[in-house]
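Fold and contact review
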Amino acid sequence: MSNNIEGKVVVITGASSGLGEAAARHLSAQGASVVLGARRVERLQSLAKDLSRDGGKALAVETDVSNCDAVKKLVDTAVQTCGRIDVMINNAGLMPQAPLELLKVNEWDRMIDVNIKGVLYGVAAALPYMKQQKSGHFINVSSVAGHKVGPGFAVYAATKFAVRALSEGLRQETKSYNIRTTVISPGAVASELANTVTDPETAARLHKYYEETAIPADSFARAVAFAINEPEDVDVNEILFRPTRQQL
Ligand SMILES: NC(=O)c1ccc[n+]([C@@H]2O[C@H](COP(=O)([O-])OP(=O)(O)OC[C@H]3O[C@@H](n4cnc5c(N)ncnc54)[C@H](OP(=O)(O)O)[C@@H]3O)[C@@H](O)[C@H]2O)c1
């Protein structure tokens, strides 16, 4: 094997756009079998077709990560089809930023359901297989906002702080199963994430900020590949990266 990615079975949530899609393309090009989960199944199917055409192995599974059974089905399908699961990338997320005083309670609920519970459901689905295999790798996507809070993104930041806390607990509790745990905290990366903002003022500010600041999503894909590609006895626990021009 030319690397520690080739031949691995990698499940990626939120693979229909942005960071997840970029990771799927990059890992597939390096010989991983990728199992793609998200709600927009037609996007996943077209990505899977693209990857297969280029000689990769890819499977699309319609998945809403706020539904525990759906995430279990995604992982079960990966194991039934590919024989095992080596990496679970809990990437699906949304970021409807808005000041707390706007009381966008439904959006708070959605962020908790997808950004926190979605990650937990990914752990619940993959951990039993990894325990049995005595190997595996969780890659959970946090954010610079999982390290720093600012006005307008308190709830989003809270969900991303939670991802880091859960990941550290997971890391400590799974030592005897030879499982690796990586948290990746990106800064501004070009994707569809800002489209989830419904407050017009915040949306305008954020779109402008991303246009001026964001770097391409392959930055994230390379960070993922680095963590996976390290030898099995190396557990890369935290990667935080920003665009060079990003200040906060
Ligand atoms: N871009 C950045 O600057 C940045 C920075 C730090 C962290 N992040 C994190 O990176 C992750 C990926 O975001 P992105 O930037 O790539 O944004 P994106 O382009 O909007 O992608 C988000 C992905 O999450 C999926 N998703 C959303 N709700 C879902 C649900 N209920 N069930 C399944 N999938 C769901 C979307 O797929 P469907 O809509 O098809 O379901 C999509 O594939 C998120 O966790 C985000 O918080 C991004």
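Each value, and the rule that gives it
Here the residue numbering is sequential within each chain, running from 1 through the sequence in written order. Totals for whole chains, interfaces and linings use every residue, but because this is a predicted model, local features are given only for residues with pLDDT of at least 70 and side-chain atom pairs only at 80 or more, for both listing and counting. For the side-chain quantities, the full set of heavy atoms in the structure was used; hydrogens and water were omitted. Exposure categories follow from relative accessible area, calculated using a 1.4 Å probe and restricted to protein chains: below 20% of the type maximum is buried, above 50% is exposed, and the middle band is partly exposed. Helix and strand definitions follow DSSP, with helices as H or I runs of at least four residues and strands as E runs of at least two, each counted in order from the N terminus. In this description, strands pair whenever DSSP reports at least two bridges between them. In this analysis, axes come from line fits to C-alpha atoms, helices being fitted only over the stretch in contact, and the angle between any two N-to-C directions falls in the range 0 to 180 degrees. Throughout this document, a residue counts as near a molecule or strand when at least one of its heavy atoms sits within 4 Å of that molecule or strand. What qualifies as a polar contact is a pair of N or O atoms within 3.5 Å, subject to a donor-acceptor requirement within protein and to the restriction that residues adjacent in sequence count only when both atoms come from side chains. Surface exposure here means Shrake-Rupley accessible area, sampled with a 1.4 Å probe, where a residue is shielded only by the protein chains that are shown. Amino acids are sorted into nonpolar (Ala, Val, Leu, Ile, Met, Phe, Trp, Tyr, Cys and Pro), charged (Asp, Glu, Lys and Arg) and polar (every other residue, Gly among them). Whenever a carboxyl oxygen of Asp or Glu lies within 4 Å of a side-chain nitrogen of Lys or Arg, that contact is scored as a salt bridge.

Consecutive side chains of a regular strand alternate in pointing toward one face of the sheet and then the other. By the criterion of burial, strand β6 (residues 179-186) is predominantly enclosed, with eight of the eight residues buried. Of the two faces of β6, the one holding Ile179, Thr181, Val183 and Ser185 and the one holding Arg180, Thr182, Ile184 and Pro186 are both buried throughout. Summarising the sheet, strand β5 (residues 136-141) and β6 pair through six bridges and their orientation is parallel. The residue of β6 that forms the bridge with Phe138 is Thr181.

Before going further, it helps to examine the sheet that holds strand β1 (residues 9-13). The parallel open sheet is built from seven strands, whose spatial order is β3-β2-β1-β4-β5-β6-β7. In this open sheet, the two strands that pair with only one neighbour each are β3 (57-62) and β7 (238-241). Pairwise comparison of adjacent strand axes, ignoring direction, gives a mean angle of 15° for this sheet. As judged from the six bridges shared by strand β2 (residues 33-38) and β3, these two strands associate in the parallel manner. Residue pairing in the sheet places Val34 in a bridge with Ala58 of β3.

The next point concerns the site of the ligand. Neighbouring the ligand are 30 residues; Ser16, Leu19, Arg39, Tyr156 and Ser191 lie closest to it. At a separation of 3.3 Å, an oxygen atom of the ligand approaches a polar backbone atom of Leu193. For the ligand, the accessible surface in isolation is 870 Å², of which the surrounding protein chains cover 96%. Those elements that place two or more of their residues in the shell around the ligand are α1 (18-29), α4 (105-133) and α5 (154-173). When grouped by side-chain class, the residues that make up the shell around the ligand number 13 nonpolar, eleven polar and six charged.

With that settled, consider the pattern of salt bridges. One side chain can pair with another of opposite charge once the charged atoms of both are near each other. Evaluated as defined, the whole model comprises 15 salt bridges. The shortest N-O distance in the salt bridge between Arg25 and Asp50 comes to 3.2 Å. Within this pair, whereas Arg25 is found in helix α1, its partner Asp50 is found in helix α2 (residues 41-53), the two being separated by 25 residues in sequence. Here Arg25 falls in the partly exposed class, since its relative accessible area comes to 33%. Take Asp50: its relative accessible area is 24%, and that puts it in the partly exposed class. Taking the shortest distance from any N to any O, the salt bridge between Asp113 and Lys117 comes out at 3.5 Å. With a gap of four residues between them, Asp113 and Lys117 both fall in helix α4, about one helical turn apart. What makes Lys117 partly exposed here is its relative accessible area of 35%.

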